[in-house]
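# Reading the structure
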Amino acid sequence: MIESPCCPLLGLLDDPNSRFSFPSVGHRCRASDRVRPIDLGHQSAFCLAAAYPDCPRYQAAAAAGRSGVAPGLGTLPARRRSRWLRGVAAVIAVAAVAAVVYLASPAIGDVMRRLSAGASAAASALPSGVLPVASVAPAPATTEPASASATPAATPAPTPTAAPIPSPAGSALVHVVVKGETLIGIAAKYGVTLAAIKSANAITDPSLIYVGERLVIPLR
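Throughout what follows, the structure given in this document is the object of discussion.

## Quick look at the sheet that holds strand E3 (residues 36-37)
- Spatial ordering of the open sheet is given by E1-E2-E3, a layout of three strands whose pairing is antiparallel. Taken across any chain shown, the strands that pair with only one partner, and hence form the sheet edges, are strand E1 (10-12) and E3.

This is the structure in structure tokens:
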């Protein structure tokens, strides 16, 4: 029988404070009012392992406030728990003393005095009853809407249209091709046939005309 870290609810049938260091059929679980035997595999996985706080039975007993269950301390026997608590108290006391010594050192005292003096000087610089406020950036200027007398926007230039250029002899017209025009549209515009324009300009492919090209339009 040992007092090694394990579940505090594990013990023998006739001695709840004693247990073996290995799984045994003599072990009993006292997580509830009904003392029950416990499976050997469960003993290996939880009761005799550091994972015993994850045991559902232990968690249920802790939630019910059952005596003897204290998360974090159940793995230690009473005497070891007492030594552990005394050690924790000693560490806390040493830390407190170290903090007092540190704060009482001349260098720290000088820094604290300077900070206190600076705060007092800043407070005395303000008039009585006036609290410091954060500076507020000025709001951006609002652009006023344009008046009715403002200069109107420029009117877009009209799309240039081709104007017929009379030929010197007066027997035909010259048309300058603009963007978007086709040979069929030009023929319809002047009331002549497509074949007449093709023949007058030696055009073999009606689609091969370009902007700025000068076409001779034969008169009817």
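## Describing the state of the cysteines
- For the structure on display, the rule yields zero disulfides.
- In this model Cys6 remains outside any disulfide bridge; the closest cysteine sulfur is found in Cys7, 7.0 Å from its own.
- Not part of a disulfide, Cys7 finds its nearest cysteine sulfur in Cys47, a span of 5.7 Å.
- Overall, the relative accessible area of 8% leaves Cys7 in the buried class.

## A few points about the packing of aromatic side chains
- Tallying each qualifying case throughout the model produces two aromatic pairs.
- An angle of 25° between the planes, with centres 5.2 Å apart, marks the rings of Phe20 and Phe22 as stacked.
- Assessed through its relative accessible area of 24%, Phe20 is described here as partly exposed.
- Its relative accessible area of 46% is what places Phe22 among the partly exposed residues.
- Centre to centre, the rings of Tyr52 and Tyr58 are 5.0 Å apart; their planes meet at 90°, and the pair counts as edge-to-face.

## Brief notes about the side chain of Asn201
- Tracing the chain through its elements places Asn201 in helix H6 (residues 194-201).
- At 2.9 Å, the side chain of Asn201 and the backbone oxygen of Ile197 are in polar contact.
- Separated by 2.7 Å, the side chain of Asn201 and the backbone nitrogen of Val216 make a polar contact.
- In contact with Asn201, other than residues within four places in its own chain, are Arg214, Leu215 and Val216.

## Quick look at the environment of Val35
- Residue placement: Val35 occurs in the loop between strand E2 (27-29) and E3.
- By relative accessible area, Val35 is classed as partly exposed at 37%.
- For the pair Val35 and Leu10, spaced 25 residues apart in sequence, the C-alpha to C-alpha distance is 10.0 Å.
- Those residues within four positions of Val35 in sequence are excluded, and the remaining contacts are Arg28, Cys29 and Arg30.

## Focus: the side chain of His175
- Inspection of the secondary structure assignment puts His175 in strand E5 (residues 172-176).
- A distance of 2.8 Å separates the side chain of His175 from the side chain of Glu181, its partner in a polar contact.

## Details of the packing of helix H5 (residues 183-190) against H6
- Contact geometry for H5 and H6: axes closest at 9 Å, N-to-C directions at 110°. Here H5 lies roughly perpendicular to H6, going by the angle between them. Seen from H5, the contacting residues are Leu183, Ile184, Ile186 and Ala187; seen from H6, they are Leu194, Ile197 and Lys198.
- For the contact of H5 with H6, a count of residues per class yields six nonpolar, no polar and one charged.

## Quick word on unusual backbone geometry
- At Ala202, a residue that is not glycine, the phi angle is positive and equals roughly 55°.
- You can see Ala202 is positioned in the loop between H6 and strand E6 (214-218).
- Residue classification places Ala202 among the exposed residues on the basis of a relative accessible area of 69%.

## Some words on helix H1 (residues 40-47)
- All of the buried residues in H1 are His42, Gln43 and Cys47. The buried residues of H1 occupy an angular sector of 105° when projected down its axis, which confines them to one face.
- Those residues of H1 that are buried are in contact with E1 and E2.
- The N-capping residue of H1, defined by a side-chain oxygen 2.8 Å from the backbone nitrogen of Gly41, is Asp39.

Rules behind the numbers
Residues numbered from 1 in each chain as written. Predicted model: local features only at pLDDT ≥ 70, side-chain atom pairs only at ≥ 80, totals over all residues. Heavy atoms only, no water. Pairing = 2+ DSSP bridges. Helix = DSSP H or I, 4+ residues; strand = E, 2+ residues; numbered from the N terminus. Disulfide = S-S within 2.5 Å. Buried < 20%, exposed > 50% of the residue type's maximum accessible area, 1.4 Å probe, protein only. Phe/Tyr/Trp six-rings, centres within 6.5 Å; stacked < 30°, edge-to-face > 60°. Polar contact = N/O pair within 3.5 Å; in protein donor to acceptor, adjacent residues only side chain to side chain. Contact = heavy atoms within 4.5 Å. Axes fitted to C-alpha atoms, helices over the stretch in contact; angles between N-to-C directions. Parallel < 35°, antiparallel > 145°, perpendicular 65-115°, else oblique. Nonpolar A, V, L, I, M, F, W, Y, C, P; charged D, E, K, R; others polar. Arc of directions from axis to C-beta.

So yeah, pure geometry; function would need other evidence.
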